[in-house]
Amino acid sequence: MEQKLNISYLKTLQQQEVDGAALYQEIARLTKNESEQKTLLDISKEELKHAAVFEKYTGYKLKPHRFRLFCYTLAACILGYTFVIKLLERGEDMAIAAYEKEITQIPELKQVLDEEEIHEQKLLDMLDEERLHYVGDMVLGMNDALVELTGALAGYTLAMQNTHVIAMAGLITGISATLSMAASGYLASREAGQKDAVKSASYTGIAYLVTVALLILPYLLLPSNGYLWALGITLLIAIAIIACFNFYISIAKGRPFRRNFLVMAGISIGVAAISFVVGLVVKNVLGIDL
């Protein structure tokens, strides 16, 4: 018995291709590299051809989803076009591959899949975004901030038991550590003979400072006696930062998400737990009551 075409699902695939074509055009407009522009515009045309294949079966002529296109373009400006392109391509591959297992009535589907694989290879050959060269610097800054500041805040929480005092101590620690981290990164890069030592140190320092600000935020917002709640929220923020960053890296750099996430989360939470106990011991031994 011949399987009936799922028009609704085909429309979803068609919309993805239409959106992809529009996004590649928009990213081509944003990039200054002429070779990259040509590659992106060529892929955009092929995405429109794929959309036309599905249009034959759906009978609908679709336009780009403007809000989705705006969100993707904004993400490309903030997170980089490499991340957005790879995320979009992965979604298309998964959708079409899943549909291929269920249906054989679309003879053009194999060609669409083959061309999608060619797209991926072209993109891998093309993508050389500057910010991805500094992922190591961002990881260094963010990871150090997560480990050092979650540990420091956990220790301060039991020793001081006042969110405002803890926030003050955390800010002093965080800003000092940011400057120290950026300076050390600059000296290390310069010693290694890197011409981009300033930029490398900037990425490290910015990643550190942003992480510090997010971790201290609960202590600034909660009342003075809500220090345990503040610590709990800070730990959740730390886990969220680790999850988001590792998701970004897993897409942009093709690295495994689960293993890297568990390692970073385990280290940060482990240091925080040890520091929490240290803070309790120090408070009781020294008999300090703030």
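Rules used throughout
The residue count restarts for each chain, going from 1 along the sequence in the order it is written. For this predicted model, a pLDDT threshold of at least 70 governs which residues receive local features, and a threshold of 80 or more governs which side-chain atom pairs are given and counted, while totals over whole chains, interfaces and linings are taken from all residues. Derived side-chain values reflect all non-hydrogen atoms in the structure, with water molecules and hydrogen atoms excluded from consideration. Labels follow the DSSP assignment, with helices taken as runs of H or I lasting at least four residues and strands as runs of E lasting at least two, numbered in each case from the N terminus. Per-residue accessibility, obtained with a 1.4 Å probe over protein chains only, is compared with the maximum for each type, and a residue is labelled buried under 20%, exposed over 50%, and partly exposed between these values. Residue contacts follow a heavy-atom distance rule, with two residues in contact if any of their heavy atoms lie within 4.5 Å. To be clear on the numbers: accessible area is Shrake-Rupley with a 1.4 Å probe, and residue cover counts the displayed protein chains and nothing else. Lines fitted to C-alpha atoms define the axes, with helix axes restricted to the stretch in contact, and inter-axis angles between N-to-C directions lie between 0 and 180 degrees. An angle counts as roughly parallel when it lies under 35 degrees, as roughly antiparallel when it exceeds 145, as roughly perpendicular when it falls between 65 and 115, and as oblique in every other case. Each crossing is labelled by how the near helix is turned from the far one, with a counterclockwise turn of less than a right angle marking it left-handed and a clockwise turn marking it right-handed. Each residue receives one of three labels: charged for Asp, Glu, Lys and Arg, nonpolar for Ala, Val, Leu, Ile, Met, Phe, Trp, Tyr, Cys and Pro, and polar for the others, Gly being one of them. The pLDDT score gives, residue by residue, the confidence of the prediction method on a 0 to 100 scale. We call a set of buried residues a nonpolar core when its members are Ala, Val, Leu, Ile, Met, Phe, Trp, Tyr or Cys and they connect through side-chain atoms within 4.5 Å of each other. In this analysis, the expected span of each helix is defined as 1.5 Å times one less than the number of residues it contains. Without a salt bridge and with relative accessible area above 30%, a residue can belong to a patch; like charges are then joined within 9 Å and nonpolar side chains (Val, Leu, Ile, Met, Phe, Trp, Tyr) within 5 Å. In what follows, salt bridge is the name for a side-chain nitrogen of Lys or Arg lying within 4 Å of a carboxyl oxygen of Asp or Glu. Here a polar contact is recorded for every N or O atom pair within 3.5 Å, except that within protein the pair must consist of a potential hydrogen donor and a potential acceptor, and residues adjacent in sequence are included only if both atoms are side-chain atoms.

Across its full length, the chain holds 11 helices and zero strands. Expressed as a percentage of the 290 residues in the chain, the buried residues total 43%. The contacts of the chain with a sequence gap of at least 6 include a subset with a gap of at least 24, amounting to 77%. Surface accessibility of the chain: about 15,800 Å² in total, with carbon and sulfur atoms responsible for 63%.

Attention shifts here to the environment of Leu-235. For Leu-235, the location among the structural elements is in helix 10 (residues 227-252). Among residues more than four places away in sequence, those in contact with Leu-235 are Ile-269 and Ala-272.

So, about the packing of helix 1 (residues 7-30) against helix 2 (residues 34-58). The relative placement of two packed helices comes down to the angle between their axes together with the axis-to-axis distance. Viewed as axis vectors pointing N to C, helix 1 and helix 2 meet at an angle of 160°, and their least axial separation amounts to 8 Å. Classified by the angle between their axes, helix 1 and helix 2 sit roughly antiparallel to one another. Crossing of helix 1 against helix 2: the hand is left-handed. Of the residues that constitute the contact of helix 1 with helix 2, the class distribution is 15 nonpolar, seven polar and four charged.

Here we come to the side chain of Thr-211. Of note, Thr-211 is situated in helix 9 (residues 197-221). Each residue touching Thr-211, except ones within four places of it in the same chain, is listed here: Met-142, Ala-145, Leu-146 and Ile-241.

For the chain, per-residue confidence averages 77 on the pLDDT scale, and residues scoring 70 or more make up 76% of the total. Taken element by element, the chain is modelled with least confidence in helix 6 (residues 130-133), mean pLDDT 56, and with most confidence in helix 1, mean pLDDT 84.

What follows is about the nonpolar core. Grouped together as the largest cluster of nonpolar side chains are 47 residues, with contacts concentrated most on Met-142, Leu-146, Leu-153, Leu-215 and Tyr-219. Element by element, the count of residues in this core is highest for helix 10, at 10 residues. Beyond its immediate chain neighbours, meaning those up to four positions away, Leu-153 contacts Ile-166, Gly-170, Leu-215, Ile-216, Tyr-219 and Thr-234. Counting six residues, the second-largest nonpolar core is a separate cluster that includes Leu-10, Val-53, Phe-54 and Leu-109.

Between its first and last C-alpha atoms helix 2 spans 36 Å; for 25 residues at 1.5 Å apiece the expected length is 36 Å, and the two agree. Within the sequence span of helix 2, burial applies to Glu-36, Thr-39, Leu-40, Ile-43, Ser-44, Glu-46, Glu-47, His-50, Ala-51, Val-53, Phe-54 and Thr-58. Phi turns positive, to about 80°, at Gly-59, one or two residues after helix 2.

Structurally, the position occupied by Ala-207 is in helix 9. Under the relative-accessibility criterion, Ala-207 is labelled buried at 15%. Taking the C-alpha atoms as reference, Ala-207 lies 5.2 Å from Met-142; in sequence the two are 65 residues apart.

Let us look at the side chain of Thr-150. Turning to its location among the elements, Thr-150 is positioned in helix 7 (residues 135-160). Setting aside residues no more than four positions away along its own chain, Thr-150 makes contact with Ala-145, Leu-215, Ala-238, Ser-268 and Ala-272.

A cluster of nonpolar residues, Leu-171, Ile-175, Leu-179, Leu-209, Leu-217, Leu-220 and Leu-221, forms a patch on the protein surface that exposes about 650 Å² of accessible area. Every element with two or more residues in the nonpolar patch is listed here: helix 8 (163-191) and helix 9. For the nonpolar patch, the leading source of residues is helix 9, giving four residues. Considering the arrangement of structural elements, one finds Ile-175 in helix 8.

A few words on the environment of Arg-68. By the secondary structure assignment, Arg-68 is in helix 3 (residues 66-79). Sequence spacing of Arg-68 and Leu-23 is 45 residues, and the spatial spacing of their C-alpha atoms is 9.5 Å. Not counting residues up to four positions away in its chain, the partners in contact with Arg-68 are Gln-15 and Asp-19. One polar contact links Arg-68 to Asp-19, side chain to side chain, over a distance of 2.7 Å.

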